[in-house]
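# Remarks on the overall topology
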Amino acid sequence: MPVGEASCPVCSLPAGRLDRCAECGWELRTDWRQGRADRSGFAAALQEAVLDHDLRVAARLDEDWKPYAAWLRGVPDEAAWTRARTRQGPPVRPLRPLLARVLPALGAADSLAVFETDAEGVAVTLVRAGELEQADRSARHGVTWRELVPMLAQDPAERRFQLAGGLAGLDRATLEAVLRQRLTRWAEGLAEGMVRIAVCRAPGWTLPEQAVRSLGSMTARETGRVQDALDGIRAELPLRVPYGLLVAAVNPDRTVRMATRPLFAAGTRPGTSARAGVRCVEGGVAQDTVLAVVTEEPARRLVSAWSGPLDPGGAHELEVLLEAPGRVRLVRPGGMAADPRSLAELERLAPARLDLRAEQIELVCLLELNGRPEPVARRRELLSGLFELLAREAPGRVSAAVLGYGEHFAAGRKHPAVLHGDWLRPLPEAREVLDALPDRATGFYPNAAPLEDALHEVVDRGARDPFAYSRVLLVLAGRTAHPPSTPLLQDVDRPAHACLNGLDWQDSAARLDFAAKVTRRFAVLDRLDEAARAEPLWRELGRDLLVELPKATPRRLAVDMNLIPADPVRCPFPLADVPAR
Amino acid sequence: MSTPPAPATPTPPPPPDPAASRGRIGLWGPPASGKTTFLAALGLALDRGDFPWLLYGRDEWSNTFLSSHTDLLRQKTFPPATTDLSRELSWVFRGSRTIREGRLLRRSTREVVSELDLELIDAPGGYFIGRSQPAEPSRVRFDDDDDEEESQEERLYRHLGACHGLIYLFDPTRERTRKDSYDYFHHTVLQIARRSAARSGDRFLPQHLAVCITKFDHPHVYGPAFKNGFIDQTLNPQHFPAVPDDLAEELFEFLGEADRESSAVLLRNSIRRHFHPDRTRYFMTSAVGFYLDPDLGRFRHSQYWNVVEEEGDEGRTSRILGDVYPVNVVEPLAWLAETLLPRS
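The residue numbers shown here count from 1 along each chain, following its written sequence. As a convention, the first chain written is A and the first ligand written is 1, with the rest following in written order. Local features in this predicted model are restricted to residues of pLDDT 70 or higher, and side-chain atom pairs are both shown and tallied only at a pLDDT of 80 or more, whereas totals for entire chains, interfaces and linings draw on every residue. Neither water nor hydrogens contribute to the side-chain values; these are computed over all heavy atoms in the structure.

Sheet strands pair via backbone hydrogen bonds, and the direction of the pair is either parallel or antiparallel. All names here are of chain A. If you walk across this open sheet you meet the three strands as β8-β11-β12, and the pairing is antiparallel. Looking along the sheet, the strands with just one partner apiece sit at the ends: β8 (273-279) and β12 (327-332). Neighbour-to-neighbour, the strand axes of the sheet open up by a mean angle of 30°, direction not taken into account. Alignment of β8 against strand β11 (residues 315-324), held across seven bridges, turns out to be antiparallel. Paired with Arg 275 across the strands is Glu 319, a residue of β11. Any two strands between which DSSP finds at least two bridges are classified as paired. Secondary structure is summarised from DSSP: a helix means a run of H or I of at least four residues, a strand means a run of E of at least two, and numbering begins at the N terminus for each. Under this scheme, a helix contributes an axis fitted over its contacting stretch, all axes are lines through C-alpha atoms, and angles between N-to-C directions fall in the 0 to 180 degree range.

This is how it looks when you write it as structure tokens:
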């Protein structure tokens, strides 16, 4: 061995030019002294130091030295083992504070490499700052000690002894050079340009400690799992990017684009709640509403999603709690369950187009109360069904007036007052008004019904009622109106008595537009034959739509009246009622 | 001792006035032409108007029929349709009329009592056969034959044939839909001719005929009458519409010609062919009259129709809207009385 390549007789560390071994403290050089050399004393001291060293190595590994007896350079007694075990190990330097200092300081494009050395080898956990909040996105790679330093023993127990410091007989200079070279190459291949932290999870073990020293300037020493430390730190970090609620924004041309409504700003700390009002699209009864929290930086990424039934069209309050970066809990509304679908799968649920109706409608309904049993029942059923449909698919947009009219001549008596019902009310109340209308009378005047009285009331009320919305008239009838006077025409097949109040339906119809502010007129007749189509009354009142009762359904009627879109498009996402990004 | 006075001799009844007279009137018309209602309206009409006539039943049955049906009308209910050829009903239409007596310079007038026997076999119109198939010819009858139906029909024709005057009811609203008025008239008039033509002094049937065009208050009758200038509202204090007597026949022709598919033109021609024009008179009649607004107390042109229909679960019924003011139900009888009975 050349000068300078001598090694310590105790731990085999290259001696260099030091007087004492830097590792075990054995005195390597003294000054020259006169006198006789004590060779036996030196040998005993050396033996004792060697055994002590080996016992200390064994003490790092186990509570008993016997598993490692084969590699001890001597046979210890109890006192020597006790002395070895009571030596204090190196101080713990926890990893978590180091992570807590380093992680928040990472730039958006930075990455962190956390190296750990233990009895098996060396591992690295790579964390990108942009994916810090995603625990499952950390990559982990490892290499064994034998891959780094092939000269280590194959026997696992012996190798452990060597790793812990039992390197006597090995060329430590060469070993350490190989370790350093291979470790550096391995680390560079994985963590080039990254911020590095190295933690020794085998405190006091010679080679793991040495590996840590060569891997980074920021080091720690503890036995805990790196992932646990990372998770703990993550949970305490403020958000690096803002979180928002995924919403559907409707463009002027009715196409739909997905947008986000802000919930948590960047820098929000865990434990913070966010509230927002959401409005679900009308007609979404058959489909659950999806509440998805997403980030937009650097690209849209799903954080959490829930789905469940929410009343369509209505407003709901959303409250979410930021438990940790990447983990949000839904507090309100209730009844929602975690949605396992990916962001791409969820976004595919959004329709390409959405025909939203925002206009408020005043629906004035005139209902003939009497006649033959079947059409009377059908008229009421149709109107009730229409109200129910509008309540579901146009909630809050429709108010309705329900005016039912009876008979001027019935049971041998004259009845000037024939109207029942009430003027414009919110739809739920209008339904109650409809239900409270009188039942069908057992007798009715066959040639006419007092529709003229109902029209007169519409004009009178409509003129007195300041309006702001679109007002439409819907008549459900089977008979024509009473004339203002009994006709004198021979060619009227079924002449009708004059209205008892002298009212003229033509006069009222002429005032529907400007006095009553009715913009559209619809009529549903029990029978729609050629005669009915040609009758001036129905041409007036059914100007915008004239349909036959047996063919009418609530949905068809609502669509034909343009109260709801023809195709009720389902959109599971809340609407972006507020400007969204 | 005085002798009791001799019992007074009862005053003998006056000898019969050779000028007093009787006549026999028959009422006929198709089904639903309003015969029962016409009869029921007679009593009300006499009470409403200022007529010098009495009407009462010749027997209890006739009196009961008259009073019960009149009560129904007064309660604004139509009498029920007759369903069988039950009993002959007979009333006395009794009044006074002025006759002239004497010759040339010694001519004078006096009031005499006149009576008409208004007889009705109140048969439903189905007995007036109007089908296109000829009636079944008479057959040889045996004593044990059940000939109830045949004798009732024969009885009806015999009755009409024996009458001196006939009141024929023509319903324009019925003709509008069924168009069979001529069939009914023609078949019956042949039967009447077979039984009475021989006693006529001219080529016409001997009977005086009052043609009553009914349902004057219906829009299909009143409407055309009004629009074509047949109406005069000055003839009564309530301003009810009326058609002057000399225009009634013209209106009847107008109504018949207005509907080209109607058989009324044939009916008119048959009437003219069988009955002397001097012995025929036309009347626009309405058993229930026009509607009178109770608040105004007078006729309103905008609300004239006095009948309302009502449809219920058991079918259609007609009800009378206002009080009953019959139009021209007494007048045909009064005319028959004047023309049938001798004037001097």
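Read on for the rest.
On to the packing of aromatic side chains, then. For any pair of aromatic rings, geometry is given as the distance between the ring centres together with the angle between the planes. Residues and elements named next belong to chain B. Working definition: a ring pair exists when centres of Phe, Tyr or Trp rings (six-membered ring for Trp) sit within 6.5 Å. Plane angles under 30 degrees give stacked, over 60 give edge-to-face, the rest tilted. What the rule picks out here adds up to 26 aromatic pairs over all chains. Relative to Phe 185, the ring of Tyr 168 lies with its centre 5.2 Å away and its plane at 75°, an arrangement referred to as edge-to-face. Of this pair, Tyr 168 sits in strand β5 (residues 165-170) while Phe 185 sits in helix α5 (residues 181-196), and the two are 17 residues apart along the sequence. Of the residues examined, Tyr 168 reaches a relative accessible area of 0% and is grouped as buried. When its relative accessible area of 0% is taken as the criterion, Phe 185 is described as buried. Ring pairing ties together the aromatic residues Phe 216, Tyr 222, Phe 226, Phe 240, Phe 290, Phe 299, Tyr 304 and Tyr 325, which thus form one cluster. Over a ring means this: the NZ of a Lys or the CZ of an Arg is within 6 Å of the ring centre and within 35 degrees of the ring normal. The side chain of Arg 48 reaches across the aromatic face of Tyr 325, ending 4.0 Å from its centre. Burial classes: relative accessible area under 20% of the type maximum marks a residue as buried, over 50% as exposed, and values in between as partly exposed (1.4 Å probe, protein chains only).

Glancing now at the interface of chain B and chain A. Facing the 27 residues of chain B at the interface are 31 residues of chain A. Summed over both partners, the accessible area lost on bringing two parts together, with a 1.4 Å probe, is the buried area. Interface area, chain B with chain A, both sides summed: about 2,300 Å², of which 52% is carbon and sulfur. In terms of surface lost to chain A, no three residues of chain B exceed Gln303(B), Trp305(B) and Glu311(B), which account for 24% of the buried area on that side. Criterion for a salt bridge: a side-chain nitrogen of Lys or Arg within 4 Å of a carboxyl oxygen of Asp or Glu. Taken together, the connections running from chain B to chain A amount to two salt bridges. In protein, a polar contact means a hydrogen-donor-capable atom and an acceptor-capable atom, both N or O and within 3.5 Å, with residues adjacent in sequence counting only if both atoms are side-chain atoms; elsewhere, any N or O pair within 3.5 Å suffices. In this structure, the connection of chain B to chain A is made through 11 residue pairs in polar contact (both at pLDDT 80 or more). Contributions of two or more residues to the side of chain B that touches chain A are made by α6 (219-227), α7 (245-258), β10 (307-312) and β11 (315-320) of chain B. Take the side of chain B that touches chain A: its biggest share by element is seven residues, from α6(B). Contact definition: two residues touch when any of their heavy atoms are within 4.5 Å.

This part takes up the sheet that holds strand β10 (residues 301-308) of chain A. All names here are of chain A. Strand order in the open sheet formed by five strands is β7-β6-β9-β10-β13, with antiparallel pairing between adjacent strands. Looking at which strands have only one partner, the edges of the open sheet turn out to be β7 (256-264) and β13 (337-338). Relative to strand β9 (residues 289-295), strand β6 (residues 243-250) is paired through three bridges, and the arrangement is antiparallel. By the bridge assignment, Leu 245 is partnered in β9 with Val 293.

The next thing to look at is the pattern of salt bridges. Residue and element names in this part refer to chain A. Using the criterion set out here, one finds 58 salt bridges over all chains in the structure. For Arg 300, the salt bridge goes to Glu 347, with nearest N and O atoms at 2.8 Å. Here Glu 347 lies in helix α9 (residues 343-347) and Arg 300 lies in the loop between β9 and β10, a separation of 47 residues in the sequence. Under the relative-accessibility criterion, Glu 347 is labelled partly exposed at 26%. Ionic pairing is found between Arg 378 and Glu 381, a salt bridge with its closest N-O pair at 3.6 Å. Placement of both Arg 378 and Glu 381 in helix α10 (residues 373-393) is noted, with a separation of three residues, approximately one turn of the helix. The exposed category is assigned to Glu 381, whose relative accessible area is 51%. Sharing partners across several salt bridges, the network here consists of Glu 368, Arg 379, Glu 407, Arg 479 and Asp 526.

Moving on to the nonpolar core. The nonpolar core is taken to be a set of buried Ala, Val, Leu, Ile, Met, Phe, Trp, Tyr and Cys residues, with the residues joined through side-chain atoms within 4.5 Å. With 87 residues, the main nonpolar core has Trp91(B), Ile167(B) and Phe216(B) as its most contacted residues. Top contributing element to this core by residue count: helix α1 (residues 35-48) of chain B, with eight residues. By size, the runner-up hydrophobic cluster in this structure holds 40 residues, among which are Trp65(A), Leu72(A), Leu175(A) and Ala198(A).

All names here are of chain B. What pLDDT conveys is the predictor's confidence in a given residue, as a value from 0 to 100. For chain B, per-residue confidence averages 79 on the pLDDT scale, and 80% of positions sit at 70 or higher. Within chain B, no element has a lower average pLDDT than helix α3 (residues 148-162), which sits at 73, and none a higher one than strand β7 (residues 280-284), at 95. A low-confidence stretch, residues 130-148 (pLDDT under 50), is modelled with eight contacts involving residues beyond four sequence positions or located in other chains. Both scores are available for the predicted complex, with the pTM at 0.67 and the ipTM at 0.79.

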